Structures are given as C-alpha cells and as structure tokens.
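Working through the structure, step by step
In case you want the letters, here they are:
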Amino acid sequence: MEQQTGFVEFEGRRIAYATVGDGPLLVMPSWWVSHLLEDWRDVGFRQFVEALARRYTVVRYDRLGTGLSDRERPADTLTLDYEVALLEAVVDELSPGSLNLFGMSCGACTSAVYTVRHPEAVDRVVLYGSYANGRALGPADALTAMVELVRSAWGIGSQMLADVFMPNVPPERRRALAAYQRAAATPETAAELLRLVFAYDVRDALSAMSVPTLVVHRDRDRAIPARVGREVAGLVAGADFVAIPGDAHLPWHGDVADSVEAVAGFLRVPPPAREAPAEGVGELSEREREVLRLVAEGLSDADIAERLVLSPHTVHRHVANIRRKLGLHSRSAAAAAAARAGLI
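In this report, the structure presented in the accompanying data block is examined. (Residues numbered from 1 in each chain as written. Predicted model: local features only at pLDDT ≥ 70, side-chain atom pairs only at ≥ 80, totals over all residues. Heavy atoms only, no water.)

1. Quick look at the overall build of the protein
Heads up, the condition is: Every helix listed is a DSSP run of H or I at least four residues long, and every strand listed is a run of E at least two residues long, numbered separately from the N terminus. The size measure is the radius of gyration over C-alpha atoms, and the globule rule it meets is 2.2 Å times the number of residues to the 0.38 power. We call two residues in contact when some of their heavy atoms are within 4.5 Å. Shrake-Rupley sampling with a 1.4 Å probe provides the accessible areas, and residues are treated as covered by the protein chains on show and by no other component. In summary, the charge assignment counts Lys and Arg as positive and Asp and Glu as negative, without counting His or the chain termini. The atoms used to mark charge sites are NZ of Lys, CZ of Arg, CG of Asp and CD of Glu.
Regarding its fold elements, the protein presents 15 helices and eight strands. Whereas a compact globule of 344 residues would reach a radius of gyration of roughly 20 Å, the protein reaches 20 Å, a difference of no more than 12%. In terms of its C-alpha atoms, the protein occupies a principal-axis envelope of roughly 60 × 45 × 40 Å. Contacts in the protein between residues at least 24 apart in sequence constitute 74% of all its contacts with a sequence separation of at least 6. Total accessible area on the protein is roughly 14000 Å²; 51% of this is exposed by carbon and sulfur atoms. On the protein, the mean spot of the 37 positive side-chain charges and the mean spot of the 45 negative ones are 5 Å from each other.

Written as structure tokens, this is what we have:
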C-alpha cells in the first residue's frame with residue numbers, strides 16, 4: 001500500500017495529513033510528535049497501518065508544530081481544546097458519514113473529548129497505551145525535569161525518551177527513534193508538547209463516553225503503566241480492557257502482530273497471519289544479524305558501512321550471504337524476515 005498526503009488549512013495554518021487504504025474512516029489522532037513521511041519508512045509502522053487498512057481508510061496527521069505541518073506553534077494553541085479542533089478540521093476535510101477512532105498515548109485524550117462532543121459521528125473507539133490524568137504519571141518534579149531536559153538538551157532528551165518508549169530493542173533501534181523525534185520537532189516545540197501531555201485530564205470525558213470502546217495496554221509499558229490503562233477502562237462505561245505482553249509503548253514497536261490481534265475482533269479487521277521466521281536465521285553470525293537489523297531500518301550498504309566502520313564491499317558481501325542463507329531475493333524480503341524473527 002502507498003499513503004496519500006494532503007494539507008488542510010486551519011486558522012491560517014497548514015496541517016499535513018495522510019490516508020492509507022479504502023473503506024470507512026479510522027482516524028488516529030496525533031500523539032506527542034510525529035512525521036508522516038518518516039513514519040512510513042519504518043517497517044513496523046507500515047506493517048501496523050497496512051493491517052488496519054485492509055478494512056479502513058486509515059487517517060493520520062501531524063499536529064501543528066511537528067512533521068510536515070507548519071512548524072510554528074504559538075503558545076495560545078497549547079491546549080487540549082485546540083487539539084480537538086485540529087482533529088475536527090481534518091475530519092471535516094474528509095467529510096465522512098461516520099468514523100472510528102484509534103487514540104494512542106496522548107492521542108487517546110483527544111479521542112475521548114472528540115467522542116463526547118460528537119457521539120453521533122463515532123462508531124467505535126480504541127484507546128491504546130492511554131491515560132486519564134497526565135499529572136498522575138509521575139511526581140511533579142520528575143515530569144518537569146523531563147520537559148526541561150528535552151528543551152535544553154534535545155539529543156539527550158530524545159534518547160532518554162526512546163529508551164523509555166522501547167527499552168528492549170537493539171541500541172540501533174533506540175538511536176533511530178531518537179533521531180526520528182528530533183526530525184519531527186524542534187526542542188522548544190517538543191518540550192511544550194510534552195508539558196501538554198502531562199497537563200491533560202480527561203477523566204470527565206472518559207466517564208461521559210457512550211460508544212463501544214476497547215482499551216489496550218502492554219503489560220510492562222514503561223512510559224504509561226498498565227495500571228493507568230485499567231483506570232481508563234474503569235472510567236468508560238462498558239469498555240473492555242485487553243493487556244498484551246511487552247514493554248514497548250506504541251503499537252508498531254515490539255510485536256506488531258500482538259497489537260493487531262488485540263484490536264482485530266473489535267475493529268473487524270482480519271488478524272495478521274503469523275509467519276514463522278525464515279529458515280536460516282539461526283545460521284546467521286552476530287555480524288550478519290547486526291547488518292540485517294540495519295537493512296531492516298532502511299539503511300543502504302554505504303550507510304551500514306559507515307555505521308559499522310566497514311568497507312562497502314564487506315557490507316555488500318554480508319548482505320549477499322544473508323540473502324543466500326535465508327533463501328531470499330530482495331532487501332525488502334530480508335527486512336520482513338528480520339521483523340518476523342524479532343531482530344527489530
């Protein structure tokens with residue numbers, strides 16, 4: 001599948017959005033920082049969105065100040081009401097009869113308020129890695145320190161948050177996520193949006209929701225603990241709660257198939273086929289596994305050579321050996337095999 005991008009004008013500013021698939025609308029309100037083009041280059045992200053797009057037109061957008069949207073973020077726009085208005089503008093641009101919402105992390109807060117304000121327009125809601133009250137996510141001084149670290153030392157701050165969001169992956173993956181965050185927003189905007197994350201309190205909105213709702217949480221999520229997700233499910237009348245194994249915060253990190261399976265029945269999408277790792281993965285040397293992980297991240301032979309301090313010829317030979325051992329004919333197939341084997 002390929003994504004289509006466009007812009008919606010909102011209060012004199014351009015907001016970038018993307019659609020994938022064909023069917024009823026499934027809108028993913030923006031999370032902390034995002035970048036529509038960089039997201040689409042990630043193997044796990046594409047796997048997750050394409051699974052949902054087998055039934056839906058999946059809609060994402062970069063909130064003001066991030067990604068492809070206008071980068072200036074005035075102080076008076078740093079409110080939850082503004083975030084809901086952004087979501088309303090994107091939905092109005094696409095003019096659906098009705099829609100479904102998939103709210104992740106702070107995007108779940110936007111989803112809850114939108115649903116209460118437009119109950120007749122929303123069919124179903126998934127809240128993934130969600131919370132009700134940002135101030136309850138940690139001691140006030142610790143939350144403030146995180147915001148100021150992002151503002152004053154974006155390189156260290158982005159790496160710290162990458163370590164929290166996906167702790168149990170190879171260091172290269174965490175470094176890639178840190179670089180992605182820095183590409184998605186400036187230090188000042190990232191800090192102010194993180195401060196906004198901690199300021200949200202949607203307990204009243206969650207209690208007022210009246211549409212079918214599924215709450216999903218990884219059981220060892222370090223960014224937002226699973227107990228917080230259970231509190232969300234307890235506030236929404238009739239909501240179901242599903243805990244899945246893992247410690248990655250977002251659904252396209254860690255085991256993507258687990259994330260899709262957790263919501264497949266509720267959203268009526270076909271569950272993903274569980275493919276066995278390609279034969280021969282166990283025969284790869286540690287260096288070949290390292291090269292394969294970088295191939296799966298989309299790096300060229302030259303980029304991998306620079307990263308690992310090897311010659312391009314050596315990297316080319318490693319890639320040829322990997323494909324021979326796995327019986328594969330392309331780099332994309334090797335990347336998919338790496339994902340199935342849990343190497344990324």
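2. Remarks on the packing of aromatic side chains
This is how it is decided: For this analysis, a ring pair means two rings from Phe, Tyr or Trp (six-membered ring only for Trp) whose centres lie within 6.5 Å, classed as stacked if their planes differ by under 30 degrees, edge-to-face if by over 60, and tilted for the remaining angles. Per-residue accessibility, obtained with a 1.4 Å probe over protein chains only, is compared with the maximum for each type, and a residue is labelled buried under 20%, exposed over 50%, and partly exposed between these values. The rule for a charge over a ring is simple: NZ of Lys or CZ of Arg within 6 Å of the ring centre, and within 35 degrees of the ring normal.
For the structure shown, the criterion picks out nine aromatic pairs. The interplanar angle of 55° and the centroid separation of 5.1 Å between the aromatic rings of Trp 31 and Trp 252 together place this pair among those described as tilted. Placement of Trp 31 in the loop between strand S3 (25-28) and helix H1 (36-40) and of Trp 252 in the loop between strand S8 (240-244) and helix H11 (256-267) is noted, with a sequence separation of 221 residues between them. For Trp 31, a relative accessible area of 5% gives the class buried. Three or more aromatic residues joined by ring pairs form one cluster here, namely Trp 31, Trp 40, Phe 45, Phe 48, Phe 102, Tyr 128 and Trp 252. Positioned above the aromatic ring of Phe 7 is the side chain of Arg 14, whose terminal nitrogen or guanidinium carbon lies 3.8 Å from the ring centre. The ring of Phe 266 carries the charged tip of Arg 124 above its face, separated from the ring centre by 4.8 Å.

3. Looking at the packing of helix H6 (residues 154-165) against helix H7 (residues 171-184)
So the rule is basically this: Here an angle of 0 to 180 degrees is reported between the N-to-C directions of two axes, which are lines fitted to C-alpha atoms, with helices fitted over the stretch in contact. When an angle is under 35 degrees it counts as roughly parallel; over 145 it counts as roughly antiparallel; between 65 and 115 it counts as roughly perpendicular; any other value is oblique. Put simply, a crossing is left-handed when the front helix is turned counterclockwise from the back one by less than a right angle, and right-handed when it is turned clockwise.
Between H6 and H7, the least distance of the axes is 8 Å, while the angle of their chain directions is 125°. It follows from the interaxial angle that H6 and H7 lie oblique. Of the two elements, H6 crosses H7, and the hand of that crossing is right-handed. Across the interface between the two elements, Trp 154, Gly 155, Ser 158, Gln 159, Leu 161, Ala 162, Asp 163 and Phe 165 from H6 touch Arg 174, Arg 175, Leu 177, Ala 178, Gln 181 and Arg 182 from H7.

4. Regarding empty space enclosed by the protein
Operational definition: Grid points spaced at 1 Å over the protein atoms alone were grouped into cavities, where a 1.4 Å probe fits but cannot get out, and pockets, open sets with protein on both sides within 12 Å along at least five of seven lines, with lining residues defined by an atom within 4 Å of a point. Grid points are joined across faces, edges and corners, and a volume is the space filled by probe spheres set on the points.
One pass over the structure, following the stated rule, counts one cavity of 30 Å³ or more. Of the volumes computed, that of the largest cavity is approximately 30 Å³. Every residue lining the largest cavity is listed: Leu 292, Val 295, Val 319, Ile 322, Arg 323, Arg 331 and Ala 334. If you list the elements that add at least two residues to the lining of the largest cavity, you get helix H12 (286-296), helix H14 (312-326) and helix H15 (331-340). With three residues, the top contributor of residues to the lining of the largest cavity is H14.

5. Description of the sheet that holds strand S2 (residues 13-20)
Applied cut-off: Two strands form a pair only when DSSP identifies at least two bridges running between them.
Taken in spatial order, the eight strands line up as S1-S2-S4-S3-S5-S6-S7-S8 in an open sheet, and their pairing is mixed. What marks the edges here is a single partner per strand, and that holds for strand S1 (4-10) and S8. The sheet shows a mean angle of 20° between the axes of neighbouring strands, taken without regard to direction. Inspection of the sheet shows S2 paired to strand S4 (residues 57-61) by four bridges, in the antiparallel sense. Looking at the pairing, Thr 19 lines up with Val 59 of S4.

6. Details of the layout of surface pockets
This is how the line gets drawn: The classification used treats Ala, Val, Leu, Ile, Met, Phe, Trp, Tyr, Cys and Pro as nonpolar, Asp, Glu, Lys and Arg as charged, and all other residues, Gly among them, as polar.
Of the voids in this model, the second largest pocket is the one considered here, and its volume is about 850 Å³. Lining the second largest pocket are 41 residues; nearest its centre among them are Phe 165, Leu 177, Tyr 180, Gln 181 and His 253. Looking at the lining of the second largest pocket, the elements with two or more residues in it are H1, helix H2 (43-52), helix H5 (140-152), H6, H7 and helix H8 (187-199). In terms of residues, the lining of the second largest pocket owes the most to one element, H7, which gives seven residues. Each residue belonging to the lining of the second largest pocket can be placed in one class, and the counts come to 29 nonpolar, five polar and seven charged.

7. Things to note about the pairing of S4
Residues in a regular strand project their side chains so that they alternate between the two faces of the sheet. Here S4 lies mainly inside the structure; five of its five residues are buried. Both faces of S4 are covered, namely the face carrying Thr 57, Val 59 and Tyr 61 and the face carrying Val 58 and Arg 60. As defined by bridge partners, S3 adjoins S4 across four bridges and the pair is classed as parallel. Across the sheet, residue Leu 26 finds its bridge partner in S4, namely Val 58.

Take it as geometry only, folks, not as evidence of what the structure does.
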